[in-house]
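The primary structure of each chain is shown beneath.
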Amino acid sequence: VAHDTCPEFAFPPNAGVESALPNSQWRLSRLLDKIPAGAYTCDAQGRITYYNQPAAQLWGRAPKLNSNEDRFCGSFRLFAADGLPIDHDRSWMALALKTGQVYNCKEIVIQRPDASCVTVLAHARAFRDQAGEIVGAMNILVDISQRKLAEESQARLAAIVESSDDAIVGKSLGGQILSWNGGAERIFGYTAAEAIGRHITLIIPPERHEEERSILARLARGERVEHFETVRVTKDGRRIDVSLTTSPVRDGSGRIVGASKVARDITARKHSEQERARLYAQLQELDRRKDEFLAALSHELRNPLAPLSNSLQLLRLSGDLSPAVEHVRAIMENQVNHLVRLVDDLLDASRITRGKVELRKQRVELAALVTSAVEASRPIIDAAGHQLAISVAPEPLLLDADPVRLVQVLVNLLNNAAKYTENGGQIWLAARASDGYAAISVRDTGVGIPAEVLPRVFDMFSQVDRTLSRAQGGLGIGLALARRFVEMHGGRIEVQSGGPGMGSEFVVYLPRVQDQRPLAIEAAPPIHRPPLPAHRILVVDDTPAAGYILASLLEAIGQRVCTLPDALSAWEAARANRPEVVFADINMPGVDGYELARRLRAEPSLAGVVLVAVTGYGQEQDRELARQAGFNHHLVKPVSYESLYDLLASLPLSPVPHPTQCTTSAGVATQEAPT
Ligand code: ADP
């Protein structure tokens, strides 16, 4: 940069004329010794006749005086401001000696012998004698390296500010716009010329002026306001969402003189946030509807399954099937049972996701659960020809647990081990104490699980090999249920596998109860079921097949049954015939099972009648509703022969010998098989 005017060193015209005299030269050098700038003189041939200390420092060396080795300049190397090298005989000193002109504020770069560089302004001027002949010259070198650095960094900063996508705006404490970068132009639409000098309310919507006042007040206290999300208005009147960071700007003495404001346009981000929130809500809604659908589906599937299952049991009880038909019946029963299990899993899955599963905890011994689970899984394990090795710790392992759910967990693990192992494999089941826990491990020699899917096997609907799993008749629900049930018990479930073909091991940890005293041994239920004394029983169900099957099962147990299709006729028949037990469906058109129970309970002539609700809903809240309506018992469809038998056997009824007929106001209702 060649400065035309240079305030630092303006020599007076004719300065140096007398200085050419030796005495003045001496005085001049005394003077130059003291100035805070490099200074040196040369004779007419360019030999250095004098230099001061600062000059030697700038050069990084001490040139030889009055020598032809160092002419015009004491520096090691010289460069122009644009970086091009300058020979010493073309330096400003050399030019001043040659032309006699004055060269002021000429920017040059001096390189020292150690390669470091300084930027200086050269001020070169020749001395003339009385005759006007050039006898020498003086050059004053002012170090501007610091200023250069500052200028450069300021230029860099300005370039950064300018290139920023964010709007960067400087303003006074009064709110007047002092600077306005390209980002501000792009975001707000005003050019720098249009914005600078205006008040910052230019871009603040009227209803937010108060907000700006409070920001200015915080700035005046020296506070920084960060990532403040607000709204600004553009030149064309659009409202945009911005995130503001405003910091106080201080002068050299630390006084707050203004503020810098960085505004980021977050309209797009806001939009995508809203979009995300909308999608999330939509997903949740879909998920909720899926759960509801699953709940409704599984519930609806149960209804036709109940009579199917009961009919097959009835066929078995009839006992007069040919071996071929019995074989077919057994296949059907197997398949229906499998369907029932799938539907139950589905129902559980939808309940679990809706947080509607309750545990019915009691003190249980792990060995008993293991026995039940093995009993339930035995047919699948045997059918595949697997060997099952069971080892259970000899000491009692007591849990406070829901036995139904834990057996379900163990059955699932055992069934999986059987399903995902080639026929003729080996399965180990081991139960032992592990610190405060009971650990139950189910290990197999089966297909194994690849490492990358191990973390996902407990996720709902996750299956490693869909074709294989489907072939095994699964929905990918069992392990998700298992984990949930185990966690609801305060335990955890873990899986490990050596990889494909290397078998798998699932381990369930369940907290043991503190008091590990063994339970009193309960009497095992009798295997043999002797005939039960006959009672008068009324069955009410609006689904003819369901009513018929239930009645048939009851008759198979030796009961006298009357079946009616709706609550009102049942109500009348009950008053006329005074049955000892009423089995009532809950969901019936018109008067439902709850209402029927309330009416029966209110009837004095029916005091002592046993009311049994028979429904597809087995949740605690359903049982509670039934209890409140006056039911004594609650059976979940499909009702098995065994559960009916056990219920009747437990009733404190005395046998009543006289025959049953259903008498309603319409006369005598006879029970007919539905077609
Ligand atoms: P599914 O009804 O598919 O069996 P689960 O939730 O019980 O559902 O199991 C999820 C998946 O985990 C299965 O589909 C199968 O891929 C894998 N899996 C479960 N148990 C085993 C096992 N013992 N060996 C190999 N893979 C298994």
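Here the structure is a predicted model, which means the values were calculated and not measured.

Draft legend 1. Layout of the overall build of the protein chain. A count of helical and extended segments in the protein chain gives 18 helices and 25 strands. Against the compact-globule benchmark of 26 Å for 675 residues, the protein chain has a radius of gyration of 50 Å, which places it well outside the compact range. Considered along the principal axes of its C-alpha atoms, the protein chain spans approximately 160 × 65 × 50 Å. By residue count, 45% of the 675 residues in the protein chain fall in the buried class. When contacts within the protein chain are restricted to residue pairs at least 6 apart in sequence, those whose partners lie at least 24 apart make up 61%. When the accessible surface of the protein chain is split by element, carbon and sulfur atoms take 55% of a total near 35,000 Å². Separation of charge centres in the protein chain, based on 74 positive and 80 negative side chains, amounts to 6 Å.

Draft legend 2. Molecular detail of the side chain of Asp43. Tracing the chain through its elements places Asp43 in strand β1 (residues 38-43). On the basis of relative accessible area, Asp43 is assigned to the buried category, the value being 17%. A distance of 2.9 Å separates a polar atom in the side chain of Asp43 from the backbone nitrogen of Gln45. Not counting residues within four places of it along the chain, the set of residues in contact with Asp43 comprises Thr49, Leu97, Val135 and Gly136.

Draft legend 3. Up close: the packing of helix α11 (residues 403-419) against helix α13 (residues 478-488). As a packed pair, α11 and α13 sit with axes 9 Å apart at the nearest point and diverge in direction by 145°. With respect to the hand of their crossing, α11 and α13 are arranged in left-handed fashion. Contacts from Arg405, Gln408, Val409, Asn412, Leu413 and Asn416 of α11 reach α13 at Gly478, Leu479, Leu481, Ala482, Phe485 and Val486. Counted by class, the contact of α11 with α13 contains 7 nonpolar, 4 polar and 1 charged residues.

Draft legend 4. Broad picture of the sheet that holds strand β7 (residues 167-172). Within the open sheet, the 5 strands sit side by side as β8-β7-β11-β10-β9. Their pairing is antiparallel. Every interior strand has two partners, whereas the edge strands, β8 (177-180) and β9 (225-233), have only one. Across the sheet, the mean angle separating the axes of adjacent strands is 30° when strand polarity is ignored. Looking at chain direction, β7 and β8 are connected through 3 bridges and run antiparallel. Its bridge partner lying in β8, Val169 is registered against Trp180.

Draft legend 5. A look at empty space enclosed by the protein. Under the definition given, this model contains 2 cavities of 30 Å³ or more. Roughly 30 Å³ of internal volume is contained in the second largest cavity. Taken together, Val169, Phe188, Ile203, Arg232, Leu244, Lys261 and Ala263 make up the full set of residues lining the second largest cavity. The residue makeup of the lining of the second largest cavity, split by class, is 5 nonpolar, no polar and 2 charged.

Draft legend 6. Main features of the side chain of Asn181. Here Asn181 shows up in the loop between β8 and α5 (182-188). Engagement of the side chain of Asn181 in a polar contact is seen with the backbone oxygen of Val161, the distance being 2.6 Å. A polar side-chain atom of Asn181 sits 3.1 Å from the main-chain carbonyl oxygen of Asp166. The contacts of Asn181, once residues within four sequence positions are left out, are Val161, Glu162, Ser164, Asp166, Ala167 and Ile168.

Draft legend 7. Examining the nonpolar core more closely. If you look at the biggest cluster of nonpolar residues, it comprises 48 residues, and the most contacted ones within it are Leu366, Leu399 and Leu414. In terms of residue count, the dominant contributor to this core is α11 (9 residues). Each residue touching Leu414, except ones within four places of it in the same chain, is listed here: Ala373, Val374, Ser377, Ile381, Leu388, Ile427, Leu429 and Val442. Formed by 25 residues, the second largest nonpolar core is a distinct cluster that contains Ala584, Ala597, Leu611 and Ala629.

Draft legend 8. Broad picture of the pairing of β7. The buried fraction of β7 amounts to 6 of the 6 residues, a majority that puts the element mostly inside the structure. Along β7, one buried face is formed by Ala167, Val169 and Lys171 and the opposite face, lined by Ile168, Gly170 and Ser172, is buried too. Strand direction decides the pairing type here: β7 and strand β11 (residues 256-265), joined by 6 bridges, are antiparallel. Directly across from Gly170, in β11, lies its bridge partner Ser260. Connecting the antiparallel pair β7 and β8 is a turn made up of 4 residues, with Gly175 showing a positive phi of about 100°.

Draft legend 9. Spotlight on unusual backbone geometry. A positive phi angle, close to 70°, is found at Phe72, a residue other than glycine. Relative to the helices and strands, Phe72 is located in the loop between α2 (53-59) and β3 (77-80). When its relative accessible area of 10% is taken as the criterion, Phe72 is described as buried.

Draft legend 10. Local environment of the sheet that holds strand β4 (residues 103-111). Spatially, 6 strands are ordered β2-β1-β6-β5-β4-β3 in an open sheet, and the strand pairing comes out antiparallel. A single partner strand is all that each edge strand has here, and the edge strands are β2 (48-51) and β3. With direction set aside, neighbouring strand axes in the sheet form an average angle of 30°. One ladder, built from 9 bridges, connects strand β5 (residues 117-128) with strand β6 (residues 134-143); its direction is antiparallel. If you follow Val120 over to β6, its bridge partner there is Asp143. Along the sheet, helix α3 (residues 92-99) makes contact with β1, β4, β5 and β6, crossing β6 at roughly 150°. Its contacts with the sheet place helix α4 (residues 145-163) against β4, β5 and β6, and it is angled at close to 130° to β5.

Draft legend 11. Just the environment of Ala545, in detail. Within the element layout of this structure, Ala545 appears in helix α14 (residues 544-556). Among the residues examined, Ala545 registers a relative accessible area of 32% and is labelled partly exposed.

Draft legend 12. Quick peek at the packing of helix α9 (residues 323-353) against α13. Interhelical geometry of α9 versus α13 gives an angle of 50° and a closest axis separation of 10 Å. When the axis of α9 is compared with that of α13, the two are oblique. For the pair α9 and α13, the sense of crossing is left-handed. Facing Asp345, Asp348, Ala349 and Ile352 of α9, the residues of α13 in contact are Leu481, Arg484 and Phe485. A class-by-class count of the residues in the contact of α9 with α13 yields 4 nonpolar, no polar and 3 charged.

Criteria and cut-off values
Residues numbered from 1 in each chain as written. Predicted model: local features only at pLDDT ≥ 70, side-chain atom pairs only at ≥ 80, totals over all residues. Heavy atoms only, no water. Helix = DSSP H or I, 4+ residues; strand = E, 2+ residues; numbered from the N terminus. Rg over C-alpha atoms; globule rule 2.2 N^0.38 Å. Buried < 20%, exposed > 50% of the residue type's maximum accessible area, 1.4 Å probe, protein only. Contact = heavy atoms within 4.5 Å. Areas by Shrake-Rupley, 256 points an atom, 1.4 Å probe, with all protein chains shown as cover. Lys, Arg positive; Asp, Glu negative; His and termini not counted. Charge placed at Lys NZ, Arg CZ, Asp CG, Glu CD. Polar contact = N/O pair within 3.5 Å; in protein donor to acceptor, adjacent residues only side chain to side chain. Axes fitted to C-alpha atoms, helices over the stretch in contact; angles between N-to-C directions. Left-handed = near helix turned anticlockwise from the far one by under 90°. Nonpolar A, V, L, I, M, F, W, Y, C, P; charged D, E, K, R; others polar. Pairing = 2+ DSSP bridges. 1 Å grid on protein atoms, 1.4 Å probe; cavity = no way out; pocket = protein on both sides within 12 Å on 5 of 7 lines; lining within 4 Å. Points joined across faces, edges and corners; volume = space filled by probe spheres on them. Core = buried A, V, L, I, M, F, W, Y, C linked by side-chain atoms within 4.5 Å. Parallel < 35°, antiparallel > 145°, perpendicular 65-115°, else oblique.

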